[in-house]
Amino acid sequence: MTYAITQTCCNDATCVAVCPVNCIHPTPEEPDFGTTEMLYIDPKSCIDCGACADACPVDAIFPADRLTGRLREYEAINAAHYAGRDPEPALDSPNFHAWGEPSFPRSLPADFAPLRIAVVGTGPAGMYAAEDLLLHTNAEVTLIDRLPVAGGLVRYGVAPDHPATKGAGETFARFHAHPRVRMTLGLEVGKDVTVEELAAHHDAVVYAVGAPSDRRLGIPGEELSGSVSATSVVSWYNAHPETPPDAVRLTTERVVVVGNGNVALDVARVLVTDPGTLAGTDIADHALAALRDTRVREVVLLGRRGPGEAAYTSSELLALKHLPGVVLVVDDRDPRTGAAIDGAAAGEKAALLRDVAREAVDWTRPPARDRRRIVLRFHSAPVEALGTDAVRAVRVTEDGSPSGTEIGAGLLVRAIGYRGVPLAGLPFDEATGTVPHEAGRVTGLPGGYVVGWIKRGPSGGIGANRACAEETVGTLLADAVAGALPTPVGTAREFRRLARRRSRRLVDARGLAAIDRAERARGRRAGRPRIKLATVPELVAAARGGRRRLKV
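Computed from a prediction, not measured in an experiment: that's the story for all the values here.

(A) Spatial organisation of unusual backbone geometry. The amide bond that connects His25 to the next residue, Pro26, takes the cis arrangement and shows omega of -5 degrees. Relative to the assigned elements, Pro26 resides in the loop between β2 (24-25) and β3 (40-41). For His379, which is not glycine, the phi torsion reads 50 degrees and is therefore positive. Looking at the element boundaries, His379 is found in the loop between β15 (372-377) and β16 (382-386). A relative accessible area of 17% places His379 in the buried class. Its identity as a non-glycine residue notwithstanding, Ala439 has a phi of 55 degrees, on the positive side. Among the structural elements, Ala439 can be located in the loop between β21 (437-438) and β22 (441-442).

Dropping the structure here:
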């Protein structure tokens, strides 16, 4: 029986590396890698060895005959990827892979002195870069984060009801205690220390600071109370210490979410999911309490384009279709919507909506109180947020007319993309929200490198950062061999002293382990995997309390 890759696929491609018969595609060497929504197992070539399932960092791979419920669809999804294709294994090698000339683009000569490298940011991009350096060189790595806890987007960006995806964090966490790693959490580059000071104490610095801001709608009324970014909502339900517990108020029966990417679907799903289900996750305590008392019965997802061009992935839409106790509806008042769904070929994204109920929604009526539902409204964009002191409705286009339709809603969430922000000391491209670079090398800053969303823009999931990090690390090591890295004037010990002088909230690897123990203990008492500490003082106190116990 073949294996199948399911919803939580992160495109990490670890499974590709361990497959003995080359049956998982696209591989990192193939042109469509990074453009497909996920990886796929060829059922004709799979030999049922299970190596891919053992290697998968997010538990996305299962024997096809063991798939249950909504996951059963993924056996057909994997097979459909190979319809009309017949990938031929390279039979001239023992493991069916074609052998090329040996290449070691991300390594240093054996007699090369250890490099001292700082990685700023402990999310997936930073950790892939650190992993690459630690596995392929003898470099000493300083992991820096402005928050007193590691994890970045894995901890604060993944929806709480996607625990398998969060499993990638466990893979990264094994490097936190690596003997050549020093954790320096709670230190903000550009504020506590400058880019120049950081460079003065390291041979090279890799910036993996992500895209923490959001894009604006640019419509009247956007600044009203009740108009928030998806970034804020995601941070709110993930207990980000910089997002207060009252950042999102669920006192309205209807919510309008602008956008139809995966983040928009995450927000919609969390807002209408049964709180009893979420109680088994690591969702923030304050968010869980708010969802238990919520008045929200309906979430409207606005998509500017049609169902065939929606930005969400097929796997996330499938999850929405099978959400217990929630009705999914397509607003088909615009005739283009139904035509696109009915005319879609099998395997196309719009075809997945063929069995979803359609309704010409009457927006003059309030949501029904005896049900929870999500409405997909395509070919529609916001024109204005209406209200005096707070949002009471959103005017949206209809049939292309800006006079449009008024949808009553007390909460407007913009989910139209993330955006990078300038970091003092680094060049910044305002148009793209990224740091200018050449293959990861920061333009005009010798010894400075970027990886992740601040390098390529906010695109791609967790696994996309592996190839991104490989390119950046390869560039860095090539510069090292060429003698192009500046020589640091400060030592590692001097940097640690500098960091302690500049920040009173520093957390090291032992402190991070203490935070982890404290959160898991809180979770055990409530029957949950963990309950996150939601403020900087709480995180720092847990880290220091754990250190004191270790010293006794």
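(B) The arrangement of the packing of aromatic side chains in detail. For the structure on display, the rule yields two aromatic pairs. Residues Tyr418 and Trp453 carry aromatic rings whose centres are separated by 5.4 Å and whose planes lie at 45 degrees to one another, so their mutual orientation is tilted. Of this pair, Tyr418 sits in strand β20 (residues 418-419) while Trp453 sits in helix α15 (residues 453-456), placing them 35 residues apart in sequence. What makes Tyr418 buried here is its relative accessible area of 15%.

(C) Examining the sheet that holds strand β17 (residues 393-398) more closely. With antiparallel pairing, the three strands of this open sheet are ordered in space as β16-β17-β18. Edge positions in the sheet fall to β16 and β18 (401-408), since each of these pairs with one other strand and no more. With direction set aside, neighbouring strand axes in the sheet form an average angle of 30 degrees.

(D) Molecular detail of helix α9 (residues 230-237). The buried count for α9 comes to seven of eight residues, which makes it a mostly enclosed element. For α9, the set of buried residues is Ala230, Thr231, Val233, Val234, Ser235, Trp236 and Tyr237. Ala239, located one to two residues past α9, shows a positive phi value of around 65 degrees.

(E) Representation of empty space enclosed by the protein within the structure. Inspection of every chain in the model, using the stated rule, returns three cavities of 30 Å³ or more. By volume, the largest cavity is sized at about 80 Å³.

(F) The arrangement of the pattern of salt bridges in detail. With the rule as written, the count across this model stands at 39 salt bridges. Arg528 serves as the salt-bridge partner of Asp285, at 2.7 Å between the closest nitrogen and oxygen. Linking Asp285 in helix α12 (residues 285-292) with Arg528 in the loop between α18 (509-526) and α19 (536-551), this pair joins segments that are 243 residues apart in sequence. Since its relative accessible area comes to 38%, Asp285 is described here as partly exposed. Its relative accessible area of 8% is what places Arg528 among the buried residues.

Definitions and limits used
- One numbering rule holds for all chains: residues counted from 1, following each sequence as written.
- With pLDDT at 70 or above as the cut-off, local features in this predicted model cover only qualifying residues; side-chain atom pairs require 80 or more to be listed or tallied, and sums for whole chains, interfaces and linings still use all residues.
- Calculated side-chain values reflect all of the structure's heavy atoms, with hydrogen atoms and water omitted.
- Here a helix means four or more residues in a row that DSSP labels H or I, a strand means two or more in a row labelled E, and each is numbered from the N terminus.
- Residue exposure (1.4 Å probe, protein chains only): buried if accessible area is under 20% of the type maximum, exposed if over 50%, otherwise partly exposed.
- Two aromatic rings from Phe, Tyr or Trp, using only the six-membered ring of Trp, form a pair when their centres are within 6.5 Å; if the ring planes differ by under 30 degrees the pair is stacked, by over 60 it is edge-to-face, and anything between is tilted.
- Criterion used throughout: strands pair if DSSP finds at least two bridges between them.
- Only the stretch in contact is used when fitting a helix axis, every axis being a line fitted to C-alpha atoms; angles between N-to-C directions are given from 0 to 180 degrees.
- We place a 1 Å grid over just the protein atoms. Points where a 1.4 Å probe fits but has no way out form a cavity, open points with protein on both sides within 12 Å along at least 5 of 7 lines form a pocket, and any residue with an atom within 4 Å of a point lines it.
- Grid points are joined across faces, edges and corners, and a volume is the space filled by probe spheres set on the points.
- Any carboxyl oxygen of Asp or Glu that lies within 4 Å of a side-chain nitrogen of Lys or Arg is treated as forming a salt bridge with it.

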